[in-house]
Amino acid sequence: MIFDRDSGPRRGARGFAVAAATALALVGCTSDPEPKRATVTPTNGYTAIVRWEIERSEPVVDADGNVETPVIYLAASSGETVDVRVQANVVSNIDDAAVIRFADHASDARDETLEDQPVKDDGVMILIDDFEPDQARVEVRIVRYQSIDDDNAWILEVMATDDVATVASATLAAE
């Protein structure tokens, strides 16, 4: 009896091998990681809020007419300490555009020896409510404080693009 190479058990084994290779190739094509979507993280969210503050604020001019680098205190309105990695990254992201100081409590940023309790160093303090990270857009409530008589609550819509976030809209909050 003569067997042809393409007949009988060999043909079945070869067909199975081709089918298995095709299945593996298809699985390999579909197991590529999903493209990463841009999200608001604590770091890029805080950075966006600081950039918003810098852009909207009037520059502070010293006695010689030189524009001073703004001082911005940041604090979580919950009273919890902001993660030190977030603090370091925000300071690094802002670079020389502002002096960033994190406060554990709002009282750490105020000069309570003065009647109107202004923010130390002629600065501004931003109290930031917790927000749900890792979303493409988040709504963040903040309080922008300069003194007892100069504080406002804002609702900021922060939007992520790539690895950065920006404030897409800002509305004074109803008290």
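Above this text sits the structure in question.
All of the points below concern the structure found in this document. (Residues numbered from 1 in each chain as written. Predicted model: local features only at pLDDT ≥ 70, side-chain atom pairs only at ≥ 80, totals over all residues. Heavy atoms only, no water.)

### Topic: helix α2 (residues 42-56)
For α2, built from 15 residues, the straight-helix expectation of 21 Å at 1.5 Å per residue is met to within 8% by its first-to-last C-alpha distance of 21 Å. Within α2 the residues assigned to the buried category are Thr43, Asn44, Gly45, Tyr46, Thr47, Ala48, Ile49, Val50, Trp52 and Glu53. (Helix = DSSP H or I, 4+ residues; strand = E, 2+ residues; numbered from the N terminus. Expected span 1.5 Å × (residues − 1). Buried < 20%, exposed > 50% of the residue type's maximum accessible area, 1.4 Å probe, protein only.)

### Thoughts on the environment of Ala165
Looking at the secondary structure, you find Ala165 in strand β8 (residues 164-172). Relative accessible area serves as the criterion here: at 10%, Ala165 is assigned to the buried category. It is 7.6 Å that separates the C-alpha atoms of Ala165 and Thr47, two residues lying 118 residues apart in sequence. Setting aside anything within four residues of it in sequence, one finds Ala165 in contact with Val40, Asn44, Gly45, Ala48, Val158, Met159 and Ala160. (Contact = heavy atoms within 4.5 Å.)

### Examining a negative patch on the surface
Together, Glu115, Asp116, Asp149, Asp150 and Asp151 make up a negatively charged patch on the protein surface. Tracing the chain through its elements places Glu115 in the loop between β4 (99-102) and β5 (124-128). (Patch = residues over 30% accessible without salt bridge, like charges linked within 9 Å, V, L, I, M, F, W, Y side chains within 5 Å. Areas by Shrake-Rupley, 256 points an atom, 1.4 Å probe, with all protein chains shown as cover. Salt bridge = Lys/Arg side-chain N within 4 Å of Asp/Glu carboxyl O. Lys, Arg positive; Asp, Glu negative; His and termini not counted. Charge placed at Lys NZ, Arg CZ, Asp CG, Glu CD.)

### Here we look at the sheet that holds β4
Reading across the sheet, the 6 strands line up as β4-β3-β5-β6-β7-β8 and stay open at both edges, with mixed pairing between neighbours. The open sheet has two edge strands with one neighbour each: β4 and β8. On average, each strand axis in the sheet is inclined to that of its neighbour by 30°, with strand direction left out of account. Where strand β7 (residues 150-161) and β8 come together, 8 bridges link them in antiparallel fashion. Paired with Val158 across the two strands is Val167, which belongs to β8. Packing against the sheet, helix α3 (residues 84-94) makes contact with β3 (71-76) and β4, and its axis sits at approximately 170° to β4. (Pairing = 2+ DSSP bridges. Axes fitted to C-alpha atoms, helices over the stretch in contact; angles between N-to-C directions.)

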